[in-house]
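# Breakdown of the fold
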Amino acid sequence: MRDLIEEIFNDLGVPFSFGEILVEKKEGAGFVLLHRDDESLDQLQRYQDAENAIEIAKYDDAGNYRPLKTAPNLRHGWRLELATVEELRRALDYFYPGRLALFAAWKSGYLKTTALRDTLDRQSGMYRLAAKISDPQINDLVADFCRSDSGCLRTILWKRDRNGVIASTKLPTEKFDPVVDQAAACSRRSAGDARASHPPSPRFGVAGSEAATVPLLCQEACNLLVAECRKVVKDESA
């Protein structure tokens, strides 16, 4: 059976970036992971176990819990050194659960998406209420909740409904383009105002001095967005 993720690693080369993480070659053998904003820093806390990624990803710089792992608030100040590709694979999955597999499926043409309305219609229990959200409310909510600079770094691939309507007309078109580096738009330590500039395009599978970029893909609305849909409907009826 083909190992799609192993094929991705073979194609990418190092360095490459994945969300807010930069992956570099370790001197000698192995890999080094760090926050993209910390590339030029030397005084970083050192870790050497893939499982350390669980704790690193748990809280932001202020010590607040991160319920959404693809939010643009991964904490700074760490350096994770790993010896093998298998450890690298495991660590990246701790940082961004399931995203590497989704990228591999998308790149291979196997990824299927689910429209938001279909996701909402299949909810049960207290979340059944979410399906009553109106189209204008979806337009506003997705624009606020999913925006890359303060909400989520995933690239939206799903549509609002089966008619193929865009998730939100209030988001820039780059939010729906896997070729655009979402994390570059909200780097907090880059020179100038990165939010005001067009993010650079990633180069899939190209090695070199400049890191290639693996996008964080969103094939279906997450549970947190579903909960927000329910909240919008509930607040309106209160």
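All of the points below concern the structure found in this document. Fair warning: this is a prediction, and the values are worked out from it, not measured in the lab. (Residues numbered from 1 in each chain as written. Predicted model: local features only at pLDDT ≥ 70, side-chain atom pairs only at ≥ 80, totals over all residues. Heavy atoms only, no water.)

To continue, consider the packing of aromatic side chains. Throughout the structure, instances matching the rule amount to four aromatic pairs. An angle of 25° between the planes, with centres 5.2 Å apart, marks the rings of W78 and F95 as stacked. Taken together, the residues span a long stretch of sequence, with W78 in strand β5 (residues 78-82) and F95 in helix α3 (residues 85-95) at a distance of 17 residues. Residue classification places W78 among the buried positions, given a relative accessible area of 0%. Of the residues examined, F95 reaches a relative accessible area of 1% and is grouped as buried. Arranged with centres 5.9 Å apart and planes meeting at 35°, the rings of F103 and W106 form a pair that is tilted. Of the two residues, F103 and W106 are both situated in helix α4 (residues 99-107); the distance of three residues between them amounts to about one turn of the helix. Taking relative accessible area as the criterion, F103 reaches 1% and is therefore assigned buried. The aromatic ring of Y127 is capped on one face by R230, whose charged end is 5.9 Å from the ring centroid. (Phe/Tyr/Trp six-rings, centres within 6.5 Å; stacked < 30°, edge-to-face > 60°. Helix = DSSP H or I, 4+ residues; strand = E, 2+ residues; numbered from the N terminus. Buried < 20%, exposed > 50% of the residue type's maximum accessible area, 1.4 Å probe, protein only. Lys NZ or Arg CZ within 6 Å of the ring centre and 35° of its normal.)

This part is about the nonpolar core. Counting residues in each nonpolar core, the largest one holds 29 residues, and the members touching the most others are I21, L33, W78, L80, L92 and F95. Looking at which element gives the most residues to this core, the answer is α3, with four residues. Among residues more than four places away in sequence, those in contact with W78 are I21, L33, L34, H35, D38, L44, Q45, Y47, I56 and F95. With 21 residues, the next largest nonpolar core counts I133, I156, A167 and L225 among its residues. (Core = buried A, V, L, I, M, F, W, Y, C linked by side-chain atoms within 4.5 Å. Contact = heavy atoms within 4.5 Å.)

On to the environment of Q123. For Q123, the location among the structural elements is in the loop between α5 (116-121) and α6 (135-145). The spatial distance from the C-alpha of Q123 to the C-alpha of V226 is 8.7 Å, given a sequence separation of 103 residues. The residues contacting Q123, other than those within four sequence positions of it, are R128 and V226. Engagement of the side chain of Q123 in a polar contact is seen with the backbone oxygen of T119, the distance being 2.7 Å. (Polar contact = N/O pair within 3.5 Å; in protein donor to acceptor, adjacent residues only side chain to side chain.)

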